[in-house]
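The lines below spell out each chain.
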Amino acid sequence: MADNFDLTVIGSGPGGYVAAIRAAQLGMKVAVVEKWPTFGGTCLNIGCIPSKALLHASELFDEARHQFRQFGIEASPTLNLEQMLRHKDDTVTANVSGIEFLFKKNKITAFRGTGSIPAPGKVLVTPESGPGQTIETRNIVIATGSVPISLPGITIDEDKVVSSTGALGFRQVPRRLLVIGGGIIGLELGSVWSRLGAKVTVVEFLDRILPGLDSEAARQMQRTLQKQGFEFRLGAKVTAVDKRADGTLAARLEPAAGGEALVLDTDAVLVAVGRKPFTEGLGLEVAGVALDERGRIRTDHNFKTNVPGIYAIGDAVAGPMLAHKAMDEGHAVAEVIAGQKPHVNYATVPSVMYTSPEVAWIGRSEDELKAAGIEYKAGKFPYTANGRAKAMLATQGYVKILADVTTDRVLGAQIIARNAGEMIHEIAVLMEFSGSAEDLGRTMHAHPTMSEAIKEAALMCGDGAIHI
């Protein structure tokens, strides 16, 4: 006899596990189908969590080599890459074990295998070996996430030519690393290996890095990364990567606009040109679930697909491919199924790049406001004028607040700073409540803190900051 559930979630990444736990909290009988040996999906296993472990460890190593002396600390650090990777793996284990504990605590039934939908109200679980099992379920949430995009003519072997997964596990530091793609993933992982000694070259098809980020912030980060040793080749594409007999690689570069090709020698290549929804093997065509022109599952504002009882969230649907966006959707979809009326505000989704310094942004950029014809005012405050930043030797960057000219309502913001990802949230809260730049500027901030620059930038939208 088939098992019967109120909700079955396919995928246990940030969106899936949050949906399952919230549904269980609301009294539903919940199942989760996961094909990997551990829970947590890409984010916890081979994405957000392990990359941040390496980013933090490599940043400490870099500081010990280049900044400690200025603080009066004499040290000569040596790299133990094996231990650094072990720290990364231990961090992953702790996080995925935490999800397993939460599933047990909330009495969620886990099924190991690949989930597919033979018909509405049914989920077929196919394990790696042995017979499949059918789950009877009132509702299904598809939370299968995304996978790296590959490029024609370039074979990823996760050894010399790697995706983000392979870039988390180099057993020795590449002498030269070619990064294809100037987005967040490429720049973060490039930063890790650059700090540990690799010569990093970034090839980007566009004439700028970080598409989607405010163009001023993107230009500043390019300059900053160049000072850290990065080389950028913009307006170019890699059309082939060949392995030489000596183990090195030859990458063929061509101008994006056409022209003469050249060959770059490198020891490793990271392909980081974006991600695409993972919907293969789900049986969506059989179930009648519609996709859009980019292969994403079509949903309405309540995460419902065109098939009753089937929902989708996270990277499998439209919107930014961010773990926290998926988590909010997971929380909300469980409440929708329970008959509640939750809301996800896509205008206040923060983004963070965990380089050094970090970059965090929310809402609209100046480029977007100009394109939309919206009159705005910008308040910008540099960290060279922040007392805490000076004490920490962390004066790179600034805070920029964008507010409506007429209403003073904050429309967006960018922060380039140490721990920018921790500071963006006060602006997120302000924007959730349609707050103004004046509200932010009149809110008392502790002194001395890096966050004071946010207050000062907000004041710059009005009569001016105090410390500049």
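Thresholds applied
- Residues numbered from 1 in each chain as written.
- Predicted model: local features only at pLDDT ≥ 70, side-chain atom pairs only at ≥ 80, totals over all residues.
- Heavy atoms only, no water.
- Helix = DSSP H or I, 4+ residues; strand = E, 2+ residues; numbered from the N terminus.
- Rg over C-alpha atoms; globule rule 2.2 N^0.38 Å.
- Buried < 20%, exposed > 50% of the residue type's maximum accessible area, 1.4 Å probe, protein only.
- Contact = heavy atoms within 4.5 Å.
- Patch = residues over 30% accessible without salt bridge, like charges linked within 9 Å, V, L, I, M, F, W, Y side chains within 5 Å.
- Areas by Shrake-Rupley, 256 points an atom, 1.4 Å probe, with all protein chains shown as cover.
- Salt bridge = Lys/Arg side-chain N within 4 Å of Asp/Glu carboxyl O.
- Expected span 1.5 Å × (residues − 1).
- 1 Å grid on protein atoms, 1.4 Å probe; cavity = no way out; pocket = protein on both sides within 12 Å on 5 of 7 lines; lining within 4 Å.
- Points joined across faces, edges and corners; volume = space filled by probe spheres on them.

Caption draft 1: Structural detail: the overall build of the protein chain. What the protein chain contains, in helices and strands, is 13 helices and 22 strands. In terms of overall size, the protein chain behaves like a compact globule, its C-alpha atoms giving a radius of gyration of 24 Å where 468 residues would be expected to give roughly 23 Å. Counting only C-alpha atoms, the protein chain reaches 70 × 65 × 50 Å along its principal axes. For the protein chain, the residues scored as buried account for 50% of the 468 residues in total. For the protein chain, the share of sequence-separated contacts (at least 6 apart) that also reach a separation of at least 24 residues comes to 62%.

Caption draft 2: Structural detail: a nonpolar patch on the surface. Where nonpolar side chains cluster on the molecular surface, the patch consists of F71, I73 and L393 and spans about 240 Å² of accessible area. Structurally, L393 can be placed in the loop between α10 (387-391) and β21 (398-404).

Caption draft 3: Focus on the pattern of salt bridges. As enumerated under the stated definition, the model contains 24 salt bridges in all. When the shortest N-O distance is used, the salt bridge between R86 and E82 registers 3.1 Å. With a gap of 4 residues between them, R86 and E82 both fall in helix α4 (residues 81-105), about one helical turn apart. Owing to a relative accessible area of 37%, R86 belongs among the partly exposed residues under this scheme. K377 serves as the salt-bridge partner of D408, at 3.0 Å between the closest nitrogen and oxygen. Of this pair, D408 sits in the loop between β21 and β22 (410-417) while K377 sits in strand β20 (residues 376-382), and the two are 31 residues apart along the sequence. Judged by its relative accessible area of 24%, K377 falls in the partly exposed class. Taken together, the shared-partner salt bridges connect D214, E216, E366, K380 and K400 into one network.

Caption draft 4: Layout of helix α11 (residues 420-432). Counted at 1.5 Å a residue, the expected span for α11 with its 13 residues is 18 Å, and the 19 Å between its end C-alpha atoms agrees. In the stretch just after α11, S434 is the one whose phi turns positive, near 55 degrees.

Caption draft 5: Spatial organisation of the layout of surface pockets. Within this model, the second largest pocket holds a volume of roughly 770 Å³. Lining the second largest pocket are 29 residues, with E59, E63, R195, S356 and R418 sitting closest to its centre. Every element with two or more residues in the lining of the second largest pocket is listed here: α3 (48-66), α5 (184-195) and α6 (215-227). Of all the elements, α3 adds the most residues to the lining of the second largest pocket, at 9 residues.

Caption draft 6: How the structure looks around unusual backbone geometry. Note that the residue after S356, namely P357, is joined by a cis bond; omega there is 5 degrees. Turning to its location among the elements, P357 is positioned in the loop between β18 (351-353) and β19 (358-363). In this structure, E158 is a non-glycine residue whose phi angle is positive, near 55 degrees. Structurally, the position occupied by E158 is in the loop between β7 (146-148) and β8 (161-162). The exposure class of E158 is partly exposed, given its relative accessible area of 37%.

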